[in-house]
Amino acid sequence: VHFGRWRRQRGERGHLFLAGATAGALAVDLTAMALRYVEVGSPSLLPWLNNLGVAVAAVCLAELAAWLKASPPSRVGRGLEIGVLGLAAVAGLQLDARLNAVFMVACTALLVTAAARGLRGARGGEPHLRVFAGGVTFLILCLLVDVLMEQGVLPPAYGFPALGFVVLFLAMFGFWRLYFD
């Protein structure tokens, strides 16, 4: 839907970023479901595809936040985006668990930056950014719960990342209504 809107309205790049975030989230969900059926240690491209989906979703959400604020990312922000995409390619190969941890921290930094941009805009009187910031903040909390479950701090349960993205995308529907009204 958003990709089609972007094709019709090339000046509204927000649709492209939302389509990219949606595609990344879908890749994460599908590969996570498939990974449940793959034996641990067996060769598979699924972890690589999963990391690529995480990276695409995080970068697209950071770009969407920058587009909403009408201010491009800083050089550091752009470097972090490029670094996340590069780390996704390497960390997904599962050569070193520490590299995957660095990748997840970098993705979290992008999401926190996106939420902070939205909150700054919301304080400036832009209600559509409040909706965006709330959706991204909920996603971050769901992803944090998922990480804590993977580390054994919380009991395992499936679906928290998917729940976070569903709430984010529902918030984005409200955002588009406020933004274009």
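In what follows, the structure referred to is the one given above.
Read on for an overview of the structure. Given the structure is predicted, the values throughout are model-derived calculations rather than measurements.

1. Focus on the overall build of the chain
Scanning the chain from terminus to terminus reveals seven helices and zero strands. Listing every helix and strand of the chain by position from the N terminus yields α-α-α-α-α-α-α. The 181 residues of the chain split such that 39% are buried. Here the analysis covers contacts within the chain between residues at least 6 apart in sequence; of these, 65% occur between residues at least 24 apart.

2. As for the packing of helix H3 (residues 46–68) against helix H5 (residues 97–123)
It is at 8 Å that the axes of H3 and H5 come closest, and there the two elements cross at 25 degrees. The orientation of H3 with respect to H5, classified from their angle, is roughly parallel. In the packing of H3 onto H5, the handedness of the crossing is left-handed. Contact residues: Asn51, Val54, Ala55, Ala58, Val59, Leu61, Ala62, Ala65 and Ala66 in H3; Asn100, Phe103, Met104, Cys107, Leu110, Leu111, Ala114 and Arg117 in H5. Residue classes in the contact of H3 with H5 are distributed as 14 nonpolar, two polar and one charged.

3. A closer look at the environment of Leu68
Among the secondary structure elements, Leu68 is positioned in helix H3. Here Leu68 falls in the buried class, since its relative accessible area comes to 8%. Sequence separation between Leu68 and Gly118 is 50 residues, and the spatial gap between their C-alpha atoms is 7.9 Å. Apart from the residues lying within four places of it in its own chain, the contact partners of Leu68 are Glu126, Leu129, Phe132 and Phe175.

4. Remarks on the pattern of salt bridges
In this structure the tally under the stated criterion is two salt bridges. Glu63 is the partner of Arg78 in a salt bridge, and the nearest nitrogen-oxygen pair spans 2.2 Å. Of this pair, Arg78 sits in helix H4 (residues 75–91) while Glu63 sits in helix H3; the two residues are 15 residues apart in sequence, bridging distant segments of the chain. Across the pair Arg78 and Glu81 runs a salt bridge whose closest N-O atoms are separated by 3.2 Å. One end of the pair is Arg78 and the other is Glu81, both in helix H4 and three residues apart, which spans about a single turn. Judged by its relative accessible area of 33%, Arg78 is partly exposed. Given a relative accessible area of 5%, Glu81 falls into the buried group. Salt bridges linked by common partners bring Glu63, Arg78 and Glu81 together as one network.

5. Re the packing of H5 against helix H6 (residues 127–150)
As a packed pair, H5 and H6 sit with axes 8 Å apart at the nearest point and diverge in direction by 150 degrees. When the interaxial angle is binned, H5 and H6 end up roughly antiparallel. The interaxial crossing formed by H5 with H6 has left-handed handedness. Facing H5, whose interface residues are Leu111, Val112, Ala114, Ala115, Gly118, Leu119, Gly121 and Ala122, H6 presents Leu129, Arg130, Phe132, Ala133, Val136, Thr137, Leu139, Ile140 and Leu143. Residue composition of the contact of H5 with H6, by class: 13 nonpolar, three polar and one charged.

Thresholds applied
Residues numbered from 1 in each chain as written. Predicted model: local features only at pLDDT ≥ 70, side-chain atom pairs only at ≥ 80, totals over all residues. Heavy atoms only, no water. Helix = DSSP H or I, 4+ residues; strand = E, 2+ residues; numbered from the N terminus. Buried < 20%, exposed > 50% of the residue type's maximum accessible area, 1.4 Å probe, protein only. Contact = heavy atoms within 4.5 Å. Axes fitted to C-alpha atoms, helices over the stretch in contact; angles between N-to-C directions. Parallel < 35°, antiparallel > 145°, perpendicular 65-115°, else oblique. Left-handed = near helix turned anticlockwise from the far one by under 90°. Nonpolar A, V, L, I, M, F, W, Y, C, P; charged D, E, K, R; others polar. Salt bridge = Lys/Arg side-chain N within 4 Å of Asp/Glu carboxyl O.

Fair warning: the whole summary comes from geometry, so function is off the table for now.
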